[in-house]
Structures are given as structure tokens and as C-alpha cells.
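Fold and geometry: a report
Next come the chains, spelled out residue by residue.
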Amino acid sequence: MAQRIGYLLLVRSEHKFFRHPLRKSTDGHIMPRRIPINFVALAIFAIIFLHGRWDSITYPIPLNPDEAQVTANSLRILNYGFNWNALDGTTAGPLNSIVISWPYLINSDVTFSLVRATAFFILLTTCFYTYLSISLFSKKHIAALFTIPAVLFYSYTNSPEFLHYTSETLSILLLVLANYIVLKHASGNVKQYLTTYFALGLLVGLVPFAKLQSLPAAFVIGIYTLFLLFIDTCKNKASRIVVFVIGVLVPTAFFLLHLHNHGEIADFWLSYITWSQIYVKAALPIIGIHHLISSDALITYFTYFLFSVLLLGLLYITIKPRIENPAGSKSNRFTIFYLTALLAIIFWSIAKPGNLFPHYLMYTPPFAAILSAYSLRPLYIEEKSAKTFTIFFALMFLAYMGFFYKNEINSYSRIKYRTVLEYEFSHNNSDIYSWIPTSNRNLLVWGWMPHWYVWSNRSPATRESHTYAQIVQSELSAYFRERFMRDFKESDPDIVIDAVRGKSFWFNNPEKQSPHVFPALSDALAQRYSHLAPLKDKGLCPRVYIKNEVMKELRTRKITPKSISISATHGGESSEFTPYNLFDYSLTEDTCTDYWLLPDNTLGSLLIRLHQTERLAKLMILNTRNSYSMDRSSGTVLLHFKNQDIIVNSTEVKLKSHPYWTIVEFEEPIETDSVSIDILDFNGLGAGLNEIMLERAI
């Protein structure tokens, strides 16, 4: 029995990793099977990913505008579809928004938590297939060694540039999967099914519809695939080539035939192809690539480590050109040239746009690992040399990590994603504009604040989720503005938000960037919309415009206070955290100080007096989080409704976290001329509120 148990614990490699570890012999005895080492590797990768990325997954605000943009686009898919006549992701194709829209299938919302969870699984799959790719020509533990740096980087980076759902995320997976099939074919391990080559073609063909920047890498994979098929000696070579080409063309046919039937091919060409050429600046020099790599300490150390290993391998190849191929590949040189060209074209694609966006580097870890592993194959072909190489690789990696820990660990903190206020995994979006009486689920945000669509759970009124192309002058400005107004008239939103104020991303100069610079939109706002003025306008917060007929109904419902009295204010009476912020209709806490705070660690209260006795039907309270600090919020509040100083109703309410409204509705309207709110407890460093809405019975 002891010998059988010991034998069961032996670890041996096996390609089919989802297999039961026990089997029965012909005489009925239970016999051991090989432990599914690939499954073990996947489980280890998943644990590392979960430990490293969980805090950022539950982080309540967008980590990058690109993440907010692709999420906002998914909201538009429900009502308008996913082609270029419905949404425009600029240089990111519609596949990203399609993939993250899977929660709609389970009647859930597309939230930032679910979007980052999607990125989690995509990157985990990417790393796993990187490991499987290396396993094609090495032992399993060697493949794991080369894959671990990529796993650790994707998991433990503290830069939001790499933690958000980047527009590169899906295209990386498509490229890695396609490369895996190519390497299997080159090694002779692929089964001779035509469907395999169709799938390979489909993966290559999908890449440009995920990220146009990835097209050169897909082109290299496609050309090398055709080369391998042409030099193949199998009988059905022609069939494989035809099936592969058909697979490549299917995605293009799918998108473009639909556009052709709707007469909107021009939208695809102008907004995706022509616009990308305008968007491209002078290519980054080598020093620019170095700046990108240096933006994050972890990728800096991993890059230096992997490239030092890669250079060592290439030097070895140069010294000893003839290398025995343990995987049975027809030409090691072809594969080396292919992998080198693939990584080189990836760096070219990173440099070509001329943007210092670190998240472009997301492409490099898998392919750097595969090229390094393949280049160093001569060092671990034999059993003895494999053990020596394993020790060398591990010691070298530990040395680099030791330098990282010594030099960077103090400044490389990931605590910033562990906020003072605790946030849970979210699967439902808020609706910060639910107090506006409209059934129209379209919203227009002028500027570059696409996460407001997500927080309102409303579809962008135009196919863009930001208005860069309408604000910044270019040779396509006339086209983008005409298309914008066409979409605007079709969706006919009841709410328009001018976000070009305060600390808004990219666009925050009202004099040069507000809607008045776009005459057609400015005229539409003047004729059909009214500005919802705050109780006191500070000029820094976004301006809310509501369609005239909706505004008329809102004014009949909305109760404006006569005065507001508070027990205290953080920073004193002249502080920016004034109680008038509670009635400014600015709700997002990211462009201006639009909330009220009590002093540190202090309970308090406020009294709202009305102009007259009102029949109150509903009270809505929006909590604060203290903007990006996320360290203050109110807990439980006690509400007193009075009429002529006599309490007519009292209720105790636990407030939801920002940006979710807490709503108190009455079965029968109550008559009141004042409302007092006593804050009974708080979370974090103190209490406060963002907004209060009082609705009269009609």
C-alpha cells in the first residue's frame, strides 16, 4: 500500500492535462496515471494571478480612460450593434467590446470589476498558452521557468497602465493562440485536420478587428504559416492553404459585408483606417522604447532578465549553428528567424504610433519568453544539461529579483489599490442620473469622461464614447462632426453633460473645448435643452443640460431648498467642501469638489429648510468617497422630517457607497418644511455626503 501511494505521488509530464489520475487495469485493479502537470501549472498561474490582481479588480474607479471607453462601448452594443455603423473604438476594434459584453448573457451589467475579471482570464489563458508553446520544444519545468516572469509581471505590476483592460488584451491572446498552432505545425505535432488551419486563419483574421496596431504581427504569423504550408510535402497541402486563407478572410467578410449592405463602408475606412494614419505621430526612437520600459520597475527588471537570456541564446546559436532539434522541426533556423521577426515587428508596432503609452508593452512578455526559450534549447536538450540550465536560470532570476527587492520594493507599493473604504466585486452598475424623469437610456458626455456612461448605465448617444475627434481639428473633422450630429439626432438623448471643466481628462478648457466650438451641437443645445443650474455655481463642475420637456417635468418634481445648516465643515466655513455642493447636480467627484465633508473623525448633522411646506414623496442621498482618496463615507443616518418644528416622520437608513443612490420612498407623501440628517457613524477617516435630492408628490 505504501509503495502504491508513493508511486501515485510521482510527477510525470503529459500533454492531455484534463485526465483522471487513476485508471483500472484489465483485472480490475486501480493503477496510477500520470499526474496532469499542465493542469497543475495552470492552477499555479491562476493562484498567482488572483493574488496579484484581486485588489485592482475590485478597485471602484477606472484605471485608465481606455478601459472606460471599451466598457462604455459595450453599453451601446445592446441597442445599436457592434459594427462601425454603431460604435467607434478609434484604433481599438469592436471585438474588445463584444468580448466584455458576456455579462449580458447572464442578465448582469458590464461593470469595471467584470471587465477586469475578463482581462484576468484572457491574460491567464495567454500565459498558459505561452507555457504550452514552450512545452512543444522543451520539458514542462523549463516551459514553466520561462513563463513565470510573464505571469509575475501581469500579476504583480502596480501600474494602472497594465492592470486595466487594455485595448491590447484580446489581440495578445489571439496572437499567442495563433503562434501556438504555428509552432505545433512546425514541430510536426499538429494533427492533419483542415479545421485546425481554418481556426489558425480565423485567429489571424480576427486580430486587426481587436487592435489595428496588432496587424503587422498577425501579418508575420500569416506569412510564416503560408511558407510552412508551401514547403510541406503532405498530399492535401493545397486544401490546407485554401482553408487557412478562407479563415483569414471570414472576419473581414463578416464585418464589411454588413457595412456594405447598410452603405457604411466609408465609416469603417475613414474612422478606422484613415484616422489611424492621422493619429500616428513620428515613431519613437530606441530611447523612447527605453522610456516605456522604464516606466514600470517590474517590467524593467523582467525585460533586462529575459533579453539577457535571449542574447545569450543568440550568441550560442552564432557560435554553434548546427543544433539538433528535439521536437522534430524541419528547420530550427526558420523558427528562430520567424520568432525573431515576430518580436521585432511587435517592437516596431509599439514604436510606430509615437505615443509614450506603456500599456503597448503588454505584447512583449509572451513572445520574448518564447523566443528566449527556443534560442536556448541547446542548453537543455539533454537530461544533465537541463538540470544545470534549470539551476542557472533559477539563480539568475533570483539575482534579478533580489536587485528588484533591494532597489525598488520601497517605492513599488501596491497598497494604493487597497483603499481605506472597502469595496466589493461589483456586478451591477449604478445610475447616477436616475433622478431625472426620462425613459430614454441614451446619454451624451461632451469631453473625455467615458466612465460616466458606465456609472449611469446609459448608452452613449453617439458611436464615440469620447469627443476627441470632434474637438481636435483634423482633416476629418467635418466628417466626424457630421456623423456625430447624425447619431445625436437618431438617439435623441434627454441628458447632455458638458464635461469640459475642472480636472476632466484631456479636455478641461471651457473657452476652447466646450460645445460652443461645435456650432451644430451648440445650436441644438440652445434650442432644445436647458441648463440645470446648481444652487451655487463654482464654474469648475460639469454642466448638465436636460431636454426642455423633461426639464419642465423635473422642475415640477424637484424641491429646491431655502437654506442649508450644517454642524461643521472639513476645513472651516471657507472650505471647498461647502454644503451647497449637496445641490450642485455634479455627482462624480472626479472633475471638481462636488461634495460636503465633516471634520476628521467627527459625527455631525445638517438641516435643510424648504421655502414652504411640501408634500414629499421621495428622498435620495448619494454618499461620498472623498474623490480619488476613497477614505471617507457616511454609514448610518437618522432622518427627521418636520413640519412647523414637529416631527412627522423619522427613519434610520444605512447609506450605500458612492456612486449608488440610497432612496427613501414613502407609501403616502408626507408634509414637511424641513429635513434633518444626523450622521450616526462613518467609514474611514470621516463622514460626508455628495448629493441630496428631494422629490415632491405630483
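Along every chain, residues carry numbers that run from 1 in the direction the sequence is written. Totals for whole chains, interfaces and linings use all residues, but because this is a predicted model, local features are given only for residues with pLDDT of at least 70 and pairs of side-chain atoms are given and counted only at 80 or more. With hydrogens and water excluded, all non-hydrogen atoms of the structure serve as input to the side-chain values.

Some thoughts on the overall build of the chain
Secondary structure is summarised from DSSP: a helix means a run of H or I of at least four residues, a strand means a run of E of at least two, and numbering begins at the N terminus for each. Looking only at helices and strands, the chain has 23 helices and 16 strands in total. For 698 residues, the compact-globule formula gives about 26 Å, and the C-alpha radius of gyration of the chain, at 30 Å, lands near that figure. In terms of its C-alpha atoms, the chain occupies a principal-axis envelope of roughly 95 × 65 × 55 Å. Exposure is judged per residue with a 1.4 Å probe applied to protein chains only, and the accessible area is read against the type maximum: over 50% gives exposed, under 20% gives buried, and values in between give partly exposed. Counting only residues that meet the buried cut, the chain has 58% of its 698 residues in that class. Expressed as a percentage of contacts within the chain between residues at least 6 apart in sequence, the contacts between residues at least 24 apart total 77%. Put simply, the chain shows about 30300 Å² of open surface, and 60% of that area lies on carbon and sulfur atoms. Every radius of gyration here is taken over C-alpha atoms, with the globule rule written as 2.2 Å times N^0.38, N being the number of residues. In what follows, residue pairs with any heavy atoms lying within 4.5 Å of each other are defined as contacts. The accessible surface values rely on the Shrake-Rupley method and a 1.4 Å probe; as for residues, cover is taken only from the protein chains in view.

Overview of the packing of helix H6 (residues 140-156) against helix H17 (residues 383-408)
A pair of packed helices is characterised by two quantities: the angle between their axes and the separation of those axes. The N-to-C vectors of H6 and H17 enclose an angle of 15°; their axes lie 10 Å apart at closest approach. The angle between H6 and H17 places the two elements in the roughly parallel class. By crossing handedness, the relation of H6 to H17 is classed as left-handed. Taking contact as the criterion, the partners of His 141, Ile 142, Leu 145, Phe 146, Ile 148, Pro 149 and Leu 152 in H6 are, on H17, Ala 386, Phe 389, Thr 390, Phe 393 and Phe 397. Residue composition of the contact of H6 with H17, grouped by class: 10 nonpolar, two polar and no charged. To obtain each axis, a line is fitted to C-alpha atoms, and for helices this fit is confined to the stretch in contact; angles are then taken between N-to-C directions over 0 to 180 degrees. Between 65 and 115 degrees an angle is taken as roughly perpendicular, under 35 as roughly parallel, over 145 as roughly antiparallel, and anywhere else as oblique. By convention, the crossing between two helices is left-handed when the near helix turns anticlockwise from the far helix through less than a right angle, and right-handed when the turn is clockwise. For this classification, Asp, Glu, Lys and Arg are treated as charged, while Ala, Val, Leu, Ile, Met, Phe, Trp, Tyr, Cys and Pro are nonpolar and the rest, including Gly, are polar.

Section: the nonpolar core
Within this scheme, the nonpolar core is defined by two criteria: the residues are buried Ala, Val, Leu, Ile, Met, Phe, Trp, Tyr or Cys, and they are joined through side-chain atoms within 4.5 Å. If you look at the biggest cluster of nonpolar residues, it comprises 110 residues, and the most contacted ones within it are Phe 146, Tyr 154, Tyr 338 and Tyr 380. The element contributing the most residues to this core is helix H8 (residues 169-187), with 13 residues. The contact partners of Tyr 154, leaving out residues within four places of it in the chain, are Phe 49, Arg 53, Leu 123, Cys 127, Leu 163, Ile 172, Met 362, Pro 365 and Pro 366. Residues Tyr 59, Tyr 479, Met 551 and Leu 587 belong to the second largest nonpolar core, which totals 61 residues.

Examining the confidence of the model for the chain
Each residue carries a pLDDT score, the predictor's own confidence in it, on a scale running from 0 to 100. When pLDDT is averaged along the chain, the result is 88; 92% of the residues meet or exceed 70. No element of the chain has a lower mean pLDDT than helix H1 (residues 2-8), at 37, and none a higher one than strand S5 (residues 495-498), at 98. Across residues 1-22, confidence stays below pLDDT 50; counting only partners more than four residues off in sequence or on other chains, it has 39 contacts. Scored below 50 in pLDDT, residues 325-329 makes 15 contacts in the model with residues more than four places away or belonging to other chains.

Thoughts on the sheet that holds S5
Any two strands are treated as partners once DSSP identifies two or more bridges connecting them. If you trace the five strands from one edge of the open sheet to the other, you get S4-S3-S5-S7-S6, paired in mixed fashion. Looking at strand neighbours, the two that pair on one side only are strand S4 (459-460) and strand S6 (529-531), the edges of this open sheet. Bridging between S6 and strand S7 (residues 543-547) involves three bridges; their strand directions are antiparallel. Among the inter-strand pairings, Tyr 529 is bridged to a residue of S7, identified as Lys 547. Packed onto the sheet, helix H20 (residues 477-491) meets strand S3 (442-446), S5 and S6 and runs at close to 145° relative to S3. Across the sheet, helix H22 (residues 519-528) is in contact with S3, S5, S6 and S7; its angle to S6 comes to roughly 85°.

Quick word on a nonpolar patch on the surface
Exposure above 30% relative accessible area and the absence of a salt bridge qualify a residue for a patch, where like charges join within 9 Å and nonpolar side chains (Val, Leu, Ile, Met, Phe, Trp, Tyr) within 5 Å. Each salt bridge in this description consists of a side-chain nitrogen of Lys or Arg and a carboxyl oxygen of Asp or Glu lying within 4 Å of one another. A cluster of nonpolar side chains, Phe 227, Phe 230, Ile 231, Phe 334 and Phe 337, forms an exposed patch at the surface whose accessible area comes to about 480 Å². Elements supplying a minimum of two residues to the nonpolar patch: helix H10 (215-231) and helix H15 (332-351). No other element matches H10, which puts three residues into the nonpolar patch. For Ile 231, a relative accessible area of 35% gives the class partly exposed.

A word on unusual backbone geometry
Across the junction of His 658 and Pro 659, the peptide omega takes the value 15°, indicating a cis bond. Mapped onto the fold, Pro 659 is located in the loop between strand S13 (646-654) and strand S14 (661-679). A positive phi angle, close to 55°, is found at Asn 457, a residue other than glycine. Of note, Asn 457 is situated in the loop between helix H18 (451-456) and S4. In this structure Asn 457 comes out as partly exposed when scored by relative accessible area, which is 23%. The phi dihedral of Met 630 is positive, around 50°, even though this residue is not glycine. Take Met 630: it is sitting in the loop between strand S10 (605-623) and strand S11 (632-634).

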